[in-house]
Amino acid sequence: MTGADMALPAHDERTLPAVVLRDVDTRPLDQVLTELQAVVEAHGHVVVVCSTATPQSVLRRLHTLRSLLESDRIALFRPDLPPLAVAVLARQLRQLASCDLGPGVLASAGRLLTHYLHAGALLGSVARLDRIPVDLKQHAKSWLPGSQFAVLAHPQPQLVRLGPDARLDGPEFGTWMLVARGQLPSDWVTTTLAPAWRVQGLREAPLPAESGRWWGTGKLVEFCTYLPDLSVLYQLVTSVRRGACHWCGIDVIGDRCVFCSATPPAPDAARPALTRRT
């Protein structure tokens, strides 16, 4: 993780602690390089999880560090999710890291597990929201005093103005919900949305620093539903067919290696068929 506020507390004693690369873009390069190299040597492989709201200066420094180490054992994983959901996903990978999964399978499991997250927020304004489609009428209403909007960012974008009939499409399976409160004084997420989605458990966490940048406002309450049970996560991951990356040879699930970014070679359909001469 690139921020301590993205390292959520462990669910149980098996969940591995997060390694936080602090101030990656402001500390001396050689200092951060030495720190990252020590992490790679200690664990063999490293998956750096960060959100799409992570500053570009941090991303540039991470790519520089990976290049200097000349290592395919470092993966940069930036799922297209709000920051709180990214933190939840990182904790799920930490849970799975205690199981008998290879580094390639574990790293690529992140893409699989995003399908089981529902992430959104209650916003006091959508005037600066550019990650979810917002029409002109909704933009205009966001300037009205007291207006609030319920927004679902994943798995399918959805935006509704808060009112008695406001609803968001929730998961069709049992989940827990994590809530992070910003500067918006509202209990709608915990008293209305959570019961409507029939969540089986509710917990709260501090709001990630990148959430305000991602949502375009600090007046928000962010939420994410997830599967908390390690046995369920493990079953989901191990039920998917795995294969070896044709470039680096590591076992992965899916069609792209997270460590070397290689994709399966396209079938050579253009090669003409050989005919036998008689």
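Scroll up to find the structure this text is about.
Definitions and cut-offs
Residues numbered from 1 in each chain as written. Predicted model: local features only at pLDDT ≥ 70, side-chain atom pairs only at ≥ 80, totals over all residues. Heavy atoms only, no water. Helix = DSSP H or I, 4+ residues; strand = E, 2+ residues; numbered from the N terminus. Contact = heavy atoms within 4.5 Å. Axes fitted to C-alpha atoms, helices over the stretch in contact; angles between N-to-C directions. Parallel < 35°, antiparallel > 145°, perpendicular 65-115°, else oblique. Nonpolar A, V, L, I, M, F, W, Y, C, P; charged D, E, K, R; others polar. Phe/Tyr/Trp six-rings, centres within 6.5 Å; stacked < 30°, edge-to-face > 60°. Buried < 20%, exposed > 50% of the residue type's maximum accessible area, 1.4 Å probe, protein only. Salt bridge = Lys/Arg side-chain N within 4 Å of Asp/Glu carboxyl O. Pairing = 2+ DSSP bridges.

For Thr114, the location among the structural elements is in the loop between α4 (103-113) and β3 (118-123). The contacts of Thr114, once residues within four sequence positions are left out, are Pro79, Leu81, Leu89 and His154.

Below, the discussion takes up the packing of α4 against helix α8 (residues 230-238). In the contact formed by α4 and α8, the axes pass within 10 Å of each other and the chain directions differ by 100 degrees. As far as their axial angle goes, α8 and α4 are roughly perpendicular. Across from Val105, Ala109, Leu112 and Leu113 in α4, the residues of α8 making contact are Leu233, Leu236 and Val237. Class assignment of the residues belonging to the contact of α4 with α8 gives a composition of seven nonpolar, no polar and no charged.

Let us now look at the packing of aromatic side chains. Inspection of the entire model under this criterion finds three aromatic pairs. Relative to Phe173, the ring of Tyr116 lies with its centre 6.0 Å away and its plane at 65 degrees, an arrangement referred to as edge-to-face. Of this pair, Tyr116 sits in the loop between α4 and β3 while Phe173 sits in the loop between β5 (158-161) and β6 (176-181), and the two are 57 residues apart along the sequence. Overall, Phe173 belongs to the partly exposed group, its relative accessible area being 33%. The interplanar angle of 75 degrees and the centroid separation of 5.8 Å between the aromatic rings of Trp197 and Phe223 together place this pair among those described as edge-to-face. With Trp197 in the loop between α6 (188-196) and β7 (201-204) and Phe223 in strand β8 (residues 220-226), this residue pair connects regions lying 26 residues apart in the sequence.

Let us look at the pattern of salt bridges. The tally for this structure, following the rule as stated, stands at four salt bridges. The partner of Arg181 in a salt bridge is Asp187, and the shortest N-O contact between them spans 3.4 Å. Judged by relative accessible area, Asp187 falls into the partly exposed class, the value being 45%. One connected set of salt bridges, linked through shared partners, spans Arg181, Asp187 and Glu204.

This paragraph deals with the sheet that holds β8. Here six strands make up an open sheet; going across it, the order is β5-β4-β3-β8-β6-β7 and the pairing mixed. Each edge of the open sheet is held by one strand with a lone partner, namely β5 and β7. The sheet shows a mean angle of 20 degrees between the axes of neighbouring strands, direction not considered. Sheet analysis places β3 next to strand β4 (residues 149-154), joined by five bridges and oriented antiparallel. Paired with Leu123 across the strands is Phe149, a residue of β4. Those strands touched by helix α3 (residues 83-96) are β3, β6 and β8, and its axis lies near 30 degrees from that of β8.

Honestly, it's all geometry; don't read function into it.
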